[in-house]
Structures are given as structure tokens and as C-alpha cells.
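Here is how the chains run, residue by residue.
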Amino acid sequence: MSLLEVKNISMHFGGLAAVSNASFDIKKGEILALIGPNGAGKTTLFNVINGFYNPTKGEVLYKGKRISGLKPHKICERGLARTFQIVKPLQRMSVLDNVIASAFLRANNKNDATAIAEETLRFTGLYEDRDVISKGLPLGKRKRLEIARALATQPDMLLLDESCAGLNPSELNQSIDIIKKIRDRGITILIIEHHMKVIMSISDRIVVLSYGEKIAEGTPAEISNNQLVIEAYLGEAHSA
Amino acid sequence: MNKYSPFLLLGLLALLPFVGLSSYMMHILILFLMWSVIGIAWNLLSGYCGQVSFGHAAFFGIGAYTAGIFYAKVGISAWWGMPLSIIASTIAALVIGYICLRLRGPFFALATLAMGMILKVIAENLTDFTGGDIGIMLQQRTWVDKTGYYYIILAIAAISFFVVKKIVESKLGYYFVAIREDQDAAESLGINTTLYKTIALCISAVITGIAGAFYMNYMGYIDPKVVFALHDISIITIMVVMVGGVATYWGPVVGSLIMVMLAELIRSIPKLGEAHHTFFGVLLILIIIFMPNGIVGDFRKFAKFFGVRRAQR
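All of these numbers come straight from a predicted model, not from anything done at the bench. Per chain, the residues get numbers from 1 upward, laid out in the order the sequence is written. Whichever chain is written first becomes A and whichever ligand is written first becomes 1, with later ones labelled in order. Note on the predicted model: pLDDT of at least 70 is required for a residue's local features to be given, and 80 or more for side-chain atom pairs to be given and counted; whole-chain, interface and lining totals, by contrast, use all residues. Computation of side-chain values covers all heavy atoms of the structure but excludes hydrogens and water.

Peer 1: Sorry, what's going on with the overall build of chain B here?
Peer 2: Labels follow the DSSP assignment, with helices taken as runs of H or I lasting at least four residues and strands as runs of E lasting at least two, numbered in each case from the N terminus. A tally of helices and strands in chain B yields 16 helices and two strands. Relative to a compact globule of 313 residues, whose C-alpha radius of gyration would be 20 Å, chain B shows 19 Å and is just as compact. Over its C-alpha atoms, taken along the principal directions, chain B stretches across nearly 55 × 50 × 40 Å. Sequence-distant contacts in chain B: of pairs separated by 6 or more residues, those separated by 24 or more amount to 76%. Lys and Arg are tallied as positive, Asp and Glu as negative. Neither His nor the chain termini are counted. Where a charge lies is defined by one atom per residue type: Lys uses NZ, Arg uses CZ, Asp uses CG and Glu uses CD. Each charge class in chain B was averaged separately, 21 positive and 14 negative side chains, and the resulting centres sit 10 Å apart. Every radius of gyration here is taken over C-alpha atoms, with the globule rule written as 2.2 Å times N^0.38, N being the number of residues. Residues are treated as being in contact if the distance between any of their heavy atoms lies within 4.5 Å.

In C-alpha cells:
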């Protein structure tokens, strides 16, 4: 059964259709990558799924129940957490406090929340930095803090918005490992990514958006040979 | 500041009246404690939760008028104003919160500023109810001596201090700070930002309202220009916390001590009149430039400036 179903979602801002009639679904336990050229509407779609936007048309079902129209915190309570492309750490809090704040969603007291937070920080390799004020964290670690914070809400599904963008090669490998480890915990992942190395090595399936429309869907091998996708990225070939 | 210093200070303050201070000194101490209470309340909403209010006079005035109106119209002791102001302030906070909390940052600040002004105009014009500009006067204050008032406001200050400290260290505190740092991130982490902002506003309003009800009992006279004053209440509230240190436990207490003493000092300068506001303005500018975290927050800078050497902890 599908964990998340995106059904005919359209999101219009005035006259601009950022997403039009996009549909796909994600099965439990898989990693689905959402790719597309800049401005294709990937983050807009995330914001619709996550509840920041109410879609103009269509609906999003999570665990068989409609979630579009709910507030973001309600959607997070139901087990769907997200990270932000432009990282939003709670700047003047320490790394540990950042994660404690989100761990409180499932914890009843501070000890439980701290325990969850410390476990999450070890899992994401940030435990050594737990006392650093997050404003002073380098970008690579901030990206991982985003993941840690989302994980601390103990979700069943994670939306990762370009969690690997701007990382150096060693950080990149570390992040890929973490994403795989998250999947091994049974958490379903929807990821937006530009980095082809990441996409090809982790995703089970790929959905391609271009100008707000879904132009292709399939396994990494299928997508890399798809003519429409190549055109969207590289432009149309001149006819002979 | 170790774990016991709040209790130590409390004990010290409790013993202070036995030294035999003059009535004037007791008045200063009472004002210091009252401003600490208001500062602590504002600090919770604006310091920790990040919702900067320019209209805390609204809640102070509502507390004062709750005590005053029940005294004048119902004929019960003005001390009933303290428990009753809890209800009145909560209702006011819910209404004001419903209107203002959907706004963010400076827009929230401006909306609260307007709320304070609106309540002042209402209090001035509902003459049948509030007595308008004539105000409300107690026929007789409970005590001539100030010691009783001193212990009451000391108790209120101590309770507010510990309640707010407890809140800040709990789940609520984490949620408040998360909202202050990034409301969108907080929302996506499962925090119901509207609910928690409303909670912060209500707690802050209740504490401020109790201080207002105390003011009615202590001063024995209120009118709209005094209790709903923009610069003498709302702005001074912000100053108290800014000077002392925003989002610190001791900030409001330290700030209140300095502001009350400064206000008395400036008032003693002859022929100054309304110009004494200038001093506060200049002080605020200096604080923002040189000590944005206040005396408590930037204690090291402060100590260095005055050449105080502090032993390493």
C-alpha cells in the first residue's frame, strides 16, 4: 500500500502555475527522488505536502488519510517530517537544544527528550558538536542538523529538501550513508536532489518535474535514458 | 549565579525592612520589585518567545482597572483585584492575541502598540465605568506603613521569577525559544505556534495584570494616563529588560533596579520636566549599540568597561 499519495496537485500563485496536475505515490520503505531543473516546482510541491501551502487543486493522502489543508504541525504529528533547502537552524540554541526542541513532540519530559536527542545526534554524527551554538556551525553540519531535527520527531516518512547541496565530497559520502541508514530504520524518504551521484546511488525510483509538470517516472536506469528528461535538462536536440 | 543565589537574594530582601529603612527607601524598593515583576512578564513573551510587545501597559492597566472598578462599582476590597485580574488579563490576552498574534515581528509590535493606545482611549471615554480622566481613588489605603505592601510585592516577584524560570526550563520554554528563532521551522517540527504564542501571551499578561492590581492597591489612585501610559509603562517595561538583559533570568531584576534608581536620580534634577525621557532614549541607544544583550547578557563586556577583574570560574 502507498504511504503517501499525491493526487493531481496543482499549486497556482496568481497566474503562475508552480505545480500543475502532478501525481505520484510512494510505497512504504522506499526512497523516491524528486528531480528537475531549477524552478520546476519541487520545493513548492514539498511545501504543499508539508502543509505550508494549501493546494489550488488536488489532494495529498498520507497513510490513506487526507492531509492537504492541515497545518504543518498537525502533519508533523502524524509522522511526516521535513528539512529545509535553506537551512533554518534555531540559531541561538545549541545543537543539542535544537534537537531537544523537536524531540519534545514525542517525549513527555525533558529527560526523555534529551535521550531521544542524544541518540539522534549520535546517529547523524553530530554528537561531538552538541554544545556548539548552531549559528556557528559550518554548512555541512547545519544540513545534517536539519536531518537530525526532523528525525527527532520520530517520523515514518521524511522529506529531504536538497540535504546534500553544497557539501564537499567527504561530507557528501557521510550524508549518503546517513540517508541509507535512515531507510534501513524503515523510514520512507522523499528527497529533492540535484546531485546525480546521490540520486543514482540511493533512490529506488525517480520522479522528474519540469515547469511544474511530471514528465517522467521510473527507476534510475530508465530515467537516465528517457528522452524527455534529457531534453528538459539539456534542451531539445536539433532535428536532422 | 549558582543554584542558591535566588533564595539568598530572597532571604536578604525579606530581612531588609528590619533594618529600619525610611519610607522613601521602602517606596523605591517596592517600585523596584514591581518593575521586576513586569519585566519578568515581558521577558517571557518578548525575550524568550520573541513576540516583542510595545503594549504591555494594556495588561498593566487592565489589572489596575479590574481592581479599581470592582472596588468602586461592586464595593469589594481592591485586593480582590489580584485574583480577579487573572481572569480579566487572560480574557484580554486571548482577544489581543487573536488579533495580533497572526502578525509577525515588527507588525506584531505595532499592533500591540495600537492595542495599548486603544485601551487608554476606551478607559478615558467610558466615564460611567472607569471614571474617565478623573480616575479611581481608594477612600483609604490598607496600610499607612509600607512594610505590608513590600512583602506582598516581594512574594509576587519571587513567585513570578520561579514560575517563569520553571517554564523556561520545560517543554514550553524550548517551544517558546524555537518559535523566537524560526517560526516556520518550529511549525514544521510539530509545534503548534499559534497555541504556544497564545500561552506565552496569556502568562505574560496575567503576571503584568497582577502587578497592575497591586499598583492600584499601593498607590490608591489610577487614571488612564498613568496606567495605560505608552512611555511611562510600555516603553519603560522594554527598557527594564533591555538594560538588564533580554532572555536571561536575572535581566529584568537587574534592569529594574537600575531603571528605578535612574528614574529617581533624573527626577531629582531640577527644571527638567518632560525632558527626562531624553535620558532614557539616549540610554536605550547606548545599550543597543554597546550591550545588545544587556548587563546580564554582556556581563563580561560590562565588567571590562568598568575595569572590574573577574576571577575565572
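Peer 1: Just checking my understanding: could you explain the sheet that holds strand β4 (residues 57–62) of chain A for this structure?
Peer 2: Two modes of strand pairing occur in sheets, parallel and antiparallel, and in both the strands are linked by backbone hydrogen bonds. All names here are of chain A. Pairing in this open sheet of four strands is antiparallel, and the strands run β2-β1-β4-β5 from one edge to the other. Single-partner strands in this sheet number two, and they are β2 (16–27) and β5 (65–66). Note on pairing: DSSP must find at least two bridges between two strands before they are called paired. Of the strand pairs in this sheet, strand β1 (residues 2–13) and β2 are connected by eight bridges, and their pairing is antiparallel. Across the sheet, Leu4 pairs through a bridge with Ile26, a residue of β2.

Peer 1: I would appreciate a short explanation of the sheet that holds strand β8 (residues 188–192) of chain A in the present structure.
Peer 2: Residue and element names in this part refer to chain A. In spatial order, the strands read β6-β7-β8-β3-β9-β10; together these six strands make up an open sheet with mixed pairing. Because the sheet does not close on itself, it has two edges, and the strands there are β6 (80–82) and β10 (213–218). Taken pair by pair, the neighbouring strands of this sheet meet at an average axis angle of 15°, ignoring direction. Think of each axis as a best-fit line through the C-alpha atoms, taken over the contacting stretch in the case of a helix, with angles from 0 to 180 degrees between the N-to-C directions. Sheet contacts for helix α1 (residues 42–50): β3 (31–35), β6, β7 (157–161), β8 and β9 (205–210); angle to β7, the most-contacted strand, approximately 150°.

Peer 1: Looking at this structure, I do not really get empty space enclosed by the protein. What am I missing?
Peer 2: All names here are of chain B. Cavities and pockets are found on a 1 Å grid laid over the protein atoms alone: a cavity is a set of points where a 1.4 Å probe fits but cannot escape, a pocket is an open set with protein on both sides within 12 Å along at least five of seven lines, and a lining residue has an atom within 4 Å of such a point. Grid points are joined across faces, edges and corners, and a volume is the space filled by probe spheres set on the points. Across all of its chains, the model carries three cavities of 30 Å³ or more by this definition. One number sums up the size of the largest cavity: a volume of about 180 Å³. When residues of the lining of the largest cavity are traced back to their parent elements, those giving at least two are α1 (5–15), α2 (23–48) and α7 (147–169). If one sorts the elements of the lining of the largest cavity by residue count, α7 sits on top with five residues. Its residues assigned to classes, the lining of the largest cavity shows 14 nonpolar, one polar and no charged. Estimates place the volume of the second largest cavity at around 60 Å³. Lining the second largest cavity are Ile40, Asn43, Tyr48, Phe161, Val164, Lys165, Thr248, Tyr249 and Pro252. If you list the elements that add at least two residues to the lining of the second largest cavity, you get α2 and α7. Just so you know the grouping, Ala, Val, Leu, Ile, Met, Phe, Trp, Tyr, Cys and Pro go in nonpolar, Asp, Glu, Lys and Arg go in charged, and all remaining residues, Gly too, go in polar. Of the residues belonging to the lining of the second largest cavity, the class tally is six nonpolar, two polar and one charged.

Peer 1: What's the story with the interface of chain A and chain B in this structure? I'm lost.
Peer 2: Think of interface size as the accessible area that goes away when the parts come together; that is how it is often given. At the junction of the two partners, chain A supplies 23 residues and chain B supplies 19 residues. Between chain A and chain B, the buried area comes to about 1,900 Å², and carbon and sulfur atoms account for 62% of it. For any pair of parts, buried area is found by adding up, for both, the accessible area (1.4 Å probe) each one loses once the two are put together. On the chain A side of the interface with chain B, the three residues burying the most area are His73, Leu90 and Phe104 of chain A, jointly 28% of the side's total. We define a salt bridge as a contact between a side-chain nitrogen of Lys or Arg and a carboxyl oxygen of Asp or Glu at a distance within 4 Å. In this structure, the connection of chain A to chain B is made through one salt bridge. Arg92 of chain A is the partner of Glu181 of chain B in a salt bridge, and the nearest nitrogen-oxygen pair spans 3.0 Å. Those elements giving two or more residues to the side of chain A that touches chain B turn out to be α2 (72–77) and α3 (95–103) of chain A.

Peer 1: Quick question: what am I supposed to make of the state of the cysteines here?
Peer 2: All names here are of chain B. Disulfides are defined as cysteine sulfur pairs within 2.5 Å. In total, this model carries zero disulfides over all chains according to the counting rule given. The closest cysteine sulfur to the non-disulfide-bonded Cys202 is located on Cys49, 12 Å from its own sulfur. A 1.4 Å probe rolled over the protein chains alone gives each residue an accessible area, and that area as a share of the maximum for its type sets the label: buried under 20%, exposed over 50%, partly exposed in between. With relative accessibility at 14%, the residue Cys202 sits in the buried group.

Peer 1: What's the story with the packing of helix α4 (residues 81–100) of chain B against helix α10 (residues 193–219) of chain B in this structure? I'm lost.
Peer 2: Helices that pack against each other are described as a pair by the angle of their axes relative to one another and the distance between those axes. Residue and element names in this part refer to chain B. Running from amino to carboxyl end, α4 crosses α10 at an angle of 140°, the nearest separation of the two axes being 8 Å. For the element pair α4 / α10, the angle class is oblique. As for how α4 packs across α10, the hand of that crossing is right-handed. From α4, Gly81, Met82, Ser85, Ile86, Ser89, Thr90, Ala93, Leu94, Ile96 and Gly97 reach across to α10, where they touch Thr198, Leu201, Cys202, Ala205, Val206, Gly209, Ile210, Ala213 and Phe214. Looking at side-chain class alone, the contact of α4 with α10 contains 12 nonpolar, seven polar and no charged residues. Put simply, angles under 35 degrees are roughly parallel, angles over 145 are roughly antiparallel, angles from 65 to 115 are roughly perpendicular, and the rest are oblique. Helix crossings are classified by the rotation of the near helix relative to the far one: an anticlockwise turn of less than a right angle makes the crossing left-handed, while a clockwise turn makes it right-handed.

Peer 1: Whenever I open this one, the layout of surface pockets confuses me. Can you help?
Peer 2: Picture a little ball the size of a water molecule; that probe, rolled over the atoms, points out where space is still empty. Residues and elements named next belong to chain B. In this structure, the largest pocket spans a volume of roughly 1,200 Å³. Taken together, 40 residues form the lining of the largest pocket, with Tyr48, Arg180, Val246, Ala247 and Thr248 sitting closest to its centre. Every element with two or more residues in the lining of the largest pocket is listed here: α1, α2, α7, α8 (171–181), α12 (230–244), α14 (276–290) and α15 (294–297). When grouped by side-chain class, the residues that make up the lining of the largest pocket number 22 nonpolar, 10 polar and eight charged.

Peer 1: Honestly, the pattern of salt bridges in this entry has me stumped. Any pointers?
Peer 2: Any two side chains of opposite charge can pair, so long as their charged atoms come close to each other. Under the criterion given, the structure shown has 19 salt bridges over all chains. Of the charged contacts in the structure, one is a salt bridge between Arg183 of chain A and Asp204 of chain A, with a shortest N-O distance of 4.0 Å. You can see Arg183 of chain A sitting in helix α6 (residues 169–184) and its partner Asp204 of chain A sitting in the loop between α7 (196–202) and β9, a full 21 residues away along the chain. On the basis of relative accessibility, which here comes to 31%, the residue Asp204 of chain A falls in the partly exposed class. Between Asp184 of chain B and Arg104 of chain B there is a salt bridge, with the nearest N and O atoms lying 3.2 Å from each other. Here Asp184 of chain B is found in helix α9 (residues 183–188), whereas its partner Arg104 of chain B is found in the loop between α4 and α5 (105–125), with 80 residues between them in sequence. One continuous salt-bridge network, built from bridges that share partners, spans Glu30, Arg205, Lys214 and Glu217 of chain A.

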